[in-house]
Amino acid sequence: MERTQFNDAVHRYQDMVYRIALHHHANPADAEDAVQEVFLRLFTREKGFESGEHLRRWLIRVTVNVCRDTLKSAWRRNVPLDSVGELPAFEQPEQRELYQAVMALPEQDRTVLDLFYYEELTTKEIARLLHIRQTTVTTRLSRARERLKRQLKEAWQDDES
Amino acid sequence: MTNREFYRRTFSQLHSSAELNWEAFACMTRRKARRGTIRRAAVIAAGVAVLAALSTAAVATGLFGLGRFLMGEQARFEVPDGNGGMVQEQSYAITLQGYSDTPESRAKAEWERWLAGYDPDKAILECIGNEPVGPFSPYDSYYNIYTQEMANELEEIAERHGLNLHTGMTLLEDPQELFQETGGDFLGPNTAYTAYLYEDGTFAFDGEMDRRGGDVSIQFMRCVKGTLTDVMLVVGEPSLFESWEYRSACGIPVTLALGPHKGLLLAELADCYISVNILMGTEGEDGLTPADLEAFADSLDLTLLTPVKAPEIPDSAEEEPSSWPAPEEDAIYLQTGIQEAAAQRFFSQFALAVETRDVSALADMLCLPMELETGDGERTTIAAEEDLYRCFDTIFSQQIVDAIQQNRYTRERADLYAHGGMVGLGTAGEIWFGLAEDGDIRVFTIQQGDGGMALRRSAQGISDGPWAGE
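A few points on the structure.

Conventions adopted
- Residues numbered from 1 in each chain as written.
- Chains lettered and ligands numbered in written order.
- Predicted model: local features only at pLDDT ≥ 70, side-chain atom pairs only at ≥ 80, totals over all residues.
- Helix = DSSP H or I, 4+ residues; strand = E, 2+ residues; numbered from the N terminus.
- Buried ≥ 20, exposed ≤ 12 C-beta atoms within 10 Å, placed from the backbone.
- Contact = placed C-beta atoms within 7 Å.
- Pairing = 2+ DSSP bridges.
- Core = buried A, V, L, I, M, F, W, Y, C linked by C-beta atoms within 7 Å.
- Nonpolar A, V, L, I, M, F, W, Y, C, P; charged D, E, K, R; others polar.
- Arc of directions from axis to C-beta.
- Expected span 1.5 Å × (residues − 1).
- Axes fitted to C-alpha atoms, helices over the stretch in contact; angles between N-to-C directions.
- Parallel < 35°, antiparallel > 145°, perpendicular 65-115°, else oblique.
- Left-handed = near helix turned anticlockwise from the far one by under 90°.

### Notes on the overall build of chain B
Counting secondary structure elements, chain B contains 15 helices and 20 strands. Counting the 470 residues in chain B, one finds 38% classified as buried. In chain B, the proportion of contacts linking residues at least 24 apart, taken out of those at least 6 apart, comes to 60%.

Right under this line is the structure:
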């Protein structure tokens, strides 16, 4: 990839890749490793992209795949909260609570939450990206929302349509 | 504020701290390419039979120093041709497991002699091709075994010489990991790349010798006594080598040898043998000198390599073989969300649990509660381990056991396929498993092809398996 394009992609999407990886691993160090790997794959990619959106979707898909590659066990459970590491600083306490609550969710629920709420993908797009059924995406979203509601109470509103 | 806004405002405060730019990646990929070249040499060194010389220097005569390590007469070996290929040449080789009369060296020599007469034209190997075979023994991959006859012969040789055989190996990408497995940083100013560490503490790595005027590539090996390691070093016709005994700075006596194209450092410690193949000799303007070799010996702290402490190596069944497809080519993953490696691991554990009648393990692997229906229409709910224990033989009938056994290539790989979002096995779809709602892999259906027995998940979700009605 050409230098200017690559540096521009890094500037635009580095935090996006980091967020997706952090949702997957619940561990900043592992997330940073994934960021390195994802952009290395972008650096070595020979084919171009049709548009900025094409690049963004490609980065999301590669990030998910890279994160999955690092999971060796089929029996991986939730990451215990105390292994999440030092908490980042947030402007407001309820934001810190949301972060903690999300990081305490099962890994597959965290990823779906990020792709839905932050990256604003539809459940159909998420299903295609993760190679799972759309109903599975909906199930995971519902389950995650219920848990966030129980934990955060008024800070997390009832389900959106 | 909506949940979406709340979410975005929270997580927008998280930033990656990695400094990434085009220049950094350009530098990184250049370093990776260089390590890749050396790593291929490490595969040759640590993989199976021969550490190949970069050139076959002519010259010879019996050397007292190096001569004690020679493995008998010349034999034909494959050595790099300098153009990326391999060529067969007549050459001498030295053992890397002490003098030629140690049990390890004699066993290795015997194994080589036997191999020279077995499958000399590679007819058996060509017949097998790239299809997975075996396993014939727990040692197959460490000795390049591809028939039961080879496995049997190797075991007999090892037993005759009172030796163990390797059963596990792990890769250590970071030299610090290797230093943790030994007594500490034994390398000093020299460099190690990826290391291969075996279950008994034997290890090998490619690296570089720190030398004024430019680093020199090396291949470093520690062979633990008491285990047959399938390795030796081709040295050409040995006598252009000057060899001498030297007491290194750490107090360990070593044998040094220097030829036109390579240098050697060999040492015997209490419980292991050390060998370093230095990929440069005396030839050329900047050729190595005896003083360089002695300085290298002085830079190492070999005392840290003994006593050997056996590392913890993960069960080889837990490691993913390098032959697993990449995610975008993994047909099972694309259809089920389960990577083939994970599916194979799950199925191996399932098959073992059936074989050993481990009801407790099986109860964890089934998507309980399930409904059992026998051929005569009788129905039972299998909700817990006790139910499974009571109905074990009904469920795991000979037909089901045959389906499991007959559709396995090896202990680690079965003939799995994907359909309708699940992973299946058996010509009649006898076993189906997939991702349960909690994200774990579980078995949803076990059924005989003749309709004699069926165990299916109760009520919701999967019932007859995705082939029902086809």
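### Considerations on the overall build of chain A
Of the regular secondary structure elements, chain A holds 7 helices and 0 strands. Ordered by position from N to C terminus, the α and β elements of chain A give α-α-α-α-α-α-α. For chain A, the residues scored as buried account for 34% of the 161 residues in total. Taking as baseline every contact in chain A between residues at least 6 positions apart, the subset at least 24 positions apart corresponds to 63%.

### Concerning the pairing of strand β5 (residues 191-198) of chain B
All names here are of chain B. Within β5, 6 of the 8 residues are buried, which leaves the element mostly enclosed by the surrounding structure. In the sheet, strand β4 (residues 169-172) pairs with β5 via 4 bridges, with the strands oriented antiparallel. Bridge pairing links L172 to A195 in β5. Bridging between β5 and strand β6 (residues 203-209) involves 5 bridges; their strand directions are antiparallel. Residue pairing in the sheet places Y196 in a bridge with A204 of β6. Between β5 and the antiparallel strand that follows it, β6, lie 4 residues; G201 among them carries a positive phi value of about 100°.

### Regarding the nonpolar core
Core analysis: the biggest nonpolar cluster contains 54 residues, and A93(B), I94(B), A195(B), F203(B), L256(B) and L265(B) have the highest contact counts within it. Residues V17(A), A31(A), L59(A) and I60(A) belong to the second largest nonpolar core, which totals 44 residues.

### Section: the interface of chain A and chain B
Of the residues lining the interface, 39 residues belong to chain A; the matching set on chain B comes to 33 residues. Listing elements by their share of the side of chain A that touches chain B, those giving two or more residues are α1 (3-25), α2 (28-44), α3 (52-69), α4 (93-103) and α5 (107-118) of chain A. Looking at which element gives the most residues to the side of chain A that touches chain B, the answer is α1(A), with 9 residues. Residue composition of the side of chain A that touches chain B, by class: 20 nonpolar, 10 polar and 9 charged.

### Re α4(A)
Listing the buried residues of α4(A) in full gives Q95(A), L98(A), V102(A) and M103(A). Down the axis of α4(A), the smallest arc covering the buried residues is 125°, so these residues share one side. On its buried face, α4(A) sits against α5 and α7 (134-152) of chain A together with α1 (3-11) of chain B.

### Side note on helix α7 (residues 148-160) of chain B
All names here are of chain B. Taking 1.5 Å per residue as the helical rise, α7 with its 13 residues ought to reach 18 Å, and the 18 Å between its terminal C-alpha atoms agrees with that figure. All of the buried residues along α7 are M150, A151, L154, I157 and A158. Seen from one end, α7 has its buried residues packed into an arc of 130°, which puts them on one side. Across from the buried face of α7, at angles greater than 90 degrees, the exposed residues are E156, E159 and R160. On the buried face of α7, the contacting elements are α4 (103-117), α6 (140-143), β3 (164-165) and β8 (227-228).

### A look at the packing of helix α6 (residues 123-130) of chain A against α7(A)
All names here are of chain A. Closest axis-to-axis distance for the α6/α7 pair is 8 Å, and the angle between their directions is 110°. By the angle between their axes, α6 is roughly perpendicular relative to α7. The interaxial crossing formed by α6 with α7 has right-handed handedness. Listed contacts from α7 to T123, K124, I126 and A127 of α6 are Q134, V137 and T138.

### Overview of the sheet that holds strand β15 (residues 379-382) of chain B
Residues and elements named next belong to chain B. Strand order in the open sheet formed by 7 strands is β15-β14-β20-β19-β18-β17-β16, and the pairing between neighbours is antiparallel. Of all the strands in the sheet, just β15 and β16 (417-419) have a single pairing partner and so form its edges. Strand-to-strand twist in this sheet, taken as the mean axis angle between neighbours without regard to direction, amounts to 30°. As judged from the 3 bridges shared by strand β19 (residues 441-447) and strand β20 (residues 453-457), these two strands associate in the antiparallel manner. Residue pairing across strands places Q447 opposite A454, the latter belonging to β20. Against the sheet, helix α11 (residues 340-355) engages β17 (422-425), β18 (431-435) and β19, with an angle of about 60° to β19.

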